[in-house]
Amino acid sequence: MIRSPRARSEPSPRPMMRARQNSAGDEYAVNGNNGYGGGPSTGGNRSSEDVGEIHFSMKYDFQQNTFVVRVIEAKRLPAKDFSGFSDPYCVVSLLPKDKYKLQTKIKKRTLNPRWNESFLFEDFPIEKLKTRTLHLHVFDYDRFSRDDPIGELFIPLQDLDFSQNYDVWKPLLPPKSETKNKYGEILLSLKYHVTASQLTVNIIKCKDLRIQDIATHSSDPYVKIWLMISGKKVEKKKTKIYMRDLNPTFNEAFTFSVSVDQIRETSLLITVMDYDKIGRNDLIGRIILSSRSDPAAVAHWNAMLQYPKEAVSQWHTLKDD
């Protein structure tokens, strides 16, 4: 049984494989890594397909059955903010099952971030690892809206020789055009007043919600909020019901009493439901906001803690689990 992988930062190690500069002087090659080499290119005009490069390393610990990915740095990322910079972070996962998504820290106002963080996928047998694809996805953090994808990289692991270590530069691929989420999205704000020990959630609106009622080709949505502390449901609140509306605007705020000692163990289960007069109400989609959720939720939660007394708004993509 695979335990949840854990991530931790480590001091910068010696290079796993030695890099050498070739005679052309504008790029690097990595010795002995079966074509997974390459260093940051430095010349030429930038095309729309050029979204920068990422430097990372991989190794497998056969004694511990642990796959180690180190996200080192990125170069020449495109600017996503009006300031001419981005606030990049990298999400690490193993496809096709990306249950364990691990994330680097956010680096503010830079197009050449250096993370130097290691992520360990523990109790992962080599036979199972070779059925997976390493996915590195770089995003630009946005405090007030959805994070923008910058670029991504897919590394199939089936043909790699893990008797050796890999230390490589690879160009990022432009992000695929995002298809409309089948469950919809929700915009909400969070505010935590430390002195008053109050956590306020403002459900602002939803868009592109999933159709639940075939006859009306619509849904009757409302939002249910569970305050959870240490994984236990403590208090529930809910919005009004909006009939036949896939893009409802709620603008309803709810306040919970949460002490400073409890806030780190607190999470919010936000569920969008479809009201049904006759049968059971149907789930449209949900999210969980906490310091240990998915990257977008964690970023929102951390921003709330970083800016006390200030309502921090962000869009979230609804899920069905």
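Cut-offs applied
Residues numbered from 1 in each chain as written. Predicted model: local features only at pLDDT ≥ 70, side-chain atom pairs only at ≥ 80, totals over all residues. Heavy atoms only, no water. Helix = DSSP H or I, 4+ residues; strand = E, 2+ residues; numbered from the N terminus. Buried < 20%, exposed > 50% of the residue type's maximum accessible area, 1.4 Å probe, protein only. Contact = heavy atoms within 4.5 Å. Areas by Shrake-Rupley, 256 points an atom, 1.4 Å probe, with all protein chains shown as cover. Pairing = 2+ DSSP bridges. Axes fitted to C-alpha atoms, helices over the stretch in contact; angles between N-to-C directions. Phe/Tyr/Trp six-rings, centres within 6.5 Å; stacked < 30°, edge-to-face > 60°. Lys NZ or Arg CZ within 6 Å of the ring centre and 35° of its normal. Core = buried A, V, L, I, M, F, W, Y, C linked by side-chain atoms within 4.5 Å. Salt bridge = Lys/Arg side-chain N within 4 Å of Asp/Glu carboxyl O. Expected span 1.5 Å × (residues − 1). Polar contact = N/O pair within 3.5 Å; in protein donor to acceptor, adjacent residues only side chain to side chain.

S.K.: Would you explain the overall build of the chain in this entry?
M.R.: Across its full length, the chain holds two helices and 19 strands. The buried share of the chain, reckoned over its 321 residues, is 45%. Within the chain, counting contacts between residues at least 6 apart in sequence, those at least 24 apart form 65% of the total. Roughly 16,800 Å² of accessible area belongs to the chain as shown, and the carbon and sulfur atoms make up 48% of that amount.

S.K.: Just to check I follow, could you spell out the sheet that holds strand S18 (residues 282-289) for this structure?
M.R.: Backbone-to-backbone hydrogen bonds join strands into a sheet, with any given pair of strands oriented parallel or antiparallel. If you trace the four strands from one edge of the open sheet to the other, you get S15-S14-S17-S18, paired in antiparallel fashion. Both edges of this open sheet fall to strand S15 (232-238) and S18, since each of them pairs with a single strand only. The mean inter-strand angle of the sheet, taken between neighbouring strand axes irrespective of direction, is 20°. Sheet analysis places strand S17 (residues 266-274) next to S18, joined by seven bridges and oriented antiparallel. The partner of Leu-268 across the bridge, within S18, is Leu-289.

S.K.: Sorry if this is basic, but what is going on with the packing of aromatic side chains here?
M.R.: Summed over all chains, the structure comprises seven aromatic pairs. Where Tyr-60 meets Phe-62, the ring centres are 4.8 Å apart and the plane angle is 80°; that geometry is what we call edge-to-face. Its relative accessible area of 6% is what places Tyr-60 among the buried residues. One aromatic cluster is present, built from ring pairs that chain together Tyr-60, Phe-62, Phe-67, Phe-121, Phe-162 and Tyr-166. Geometry around Trp-315 places Lys-207 over its ring, the cationic atom sitting 4.6 Å from the centre. Here the basic side chain of Lys-237 rests over the ring of Phe-256, its NZ or CZ set 5.4 Å away from the ring centre.

S.K.: Looking at this structure, I do not really get the nonpolar core. What am I missing?
M.R.: Among soluble globular proteins, nonpolar side chains are generally buried collectively. Among the nonpolar cores identified, the biggest contains 32 residues, and Ile-54, Phe-67, Leu-134 and Leu-157 are the most heavily contacted of them. Contributions of two or more residues to this core are made by strand S4 (53-61), strand S5 (66-75), strand S6 (88-95), strand S8 (114-121), helix H1 (126-129), strand S9 (133-140), strand S10 (148-156) and strand S11 (166-171). Ignoring any residue separated from it by four or fewer positions in sequence, one finds Leu-157 in contact with Met-58, Phe-67, Leu-94, Leu-129, Lys-130, Arg-132, Thr-133, Leu-134 and Phe-162. Counting 28 residues, the second largest nonpolar core, distinct from the first, contains Tyr-183, Leu-190, Phe-254 and Met-304.

S.K.: For this particular structure, what's the right way to read the environment of Trp-301?
M.R.: For Trp-301, the location among the structural elements is in helix H2 (residues 295-306). On a C-alpha basis, the gap between Trp-301 and Ser-291 in space is 6.1 Å, while along the polypeptide they are 10 residues apart. Excluding its chain neighbours within four sequence positions, the residues that come into contact with Trp-301 are Leu-190, Leu-199, Ile-263, Thr-266, Ser-267, Leu-268, Leu-289, Ser-290 and Ser-291.

S.K.: Sorry if this is basic, but what is going on with the sheet that holds strand S19 (residues 312-317) here?
M.R.: Pairing is antiparallel across the open sheet formed by four strands, whose spatial order is S16-S13-S12-S19. The open sheet has two free edges, formed respectively by strand S16 (249-257) and S19, since each of these has just one partner strand. Each strand of the sheet is rotated relative to its neighbour by a mean of 25°, with strand direction disregarded. The pairing of strand S12 (residues 185-193) with S19 spans six bridges and is classified as antiparallel. Counted as the bridge partner of Ile-186 is His-316 from S19. Against the sheet, H2 makes contact with S12, strand S13 (198-207) and S19, and its axis sits at roughly 170° relative to S19, the strand it touches most.

S.K.: Can you help me understand the pattern of salt bridges in this one?
M.R.: Oppositely charged side chains can form a pair if their charged atoms are brought close together. With the rule as written, the count across this model stands at eight salt bridges. For the salt bridge of Lys-207 with Glu-185, the shortest nitrogen-to-oxygen distance reads 4.0 Å. Of this pair, Lys-207 sits in strand S13 while Glu-185 is found in strand S12, placing the two residues 22 residues apart along the sequence. In the salt-bridge network here, residues are joined through shared partners; they are Asp-50, Glu-53 and Arg-76.

S.K.: Please clarify how the pairing of S9 should be interpreted in this entry.
M.R.: Successive side chains on a regular strand alternate, one facing one side of the sheet and the next facing the other. The element S9 is extensively covered by neighbouring structure, given that seven of its eight residues are classed as buried. Bridge count between S6 and S9: eight bridges; the pairing is antiparallel. Across the sheet, Pro-88 pairs through a bridge with Asp-140, a residue of S9. Bridge analysis of S9 against S10 gives eight bridges, and the strand direction is antiparallel. Within the sheet, the bridge partner assigned to Leu-136 lies in S10 and is Leu-153.

S.K.: I'm lost on H2 in this one. Help?
M.R.: Side chains that are three or four residues apart share a direction in an α-helix, a result of its 3.6 residues per turn. The terminal C-alpha atoms of H2 lie 16 Å apart, and with 12 residues this matches the ideal 16 Å at 1.5 Å per residue to within 8%. Along H2, the positions that sit buried rather than exposed are Pro-295, Ala-297, Val-298, Ala-299, His-300, Trp-301, Ala-303 and Met-304. Two or three places before Ala-296, at the opening of H2, Asp-294 has a side-chain oxygen 3.1 Å from that residue's backbone nitrogen.

S.K.: Whenever I open this one, the side chain of Glu-152 confuses me. Can you help?
M.R.: One can find Glu-152 in strand S10. Of the polar contacts made by the side chain of Glu-152, one reaches the side chain of His-135; its length is 2.8 Å.

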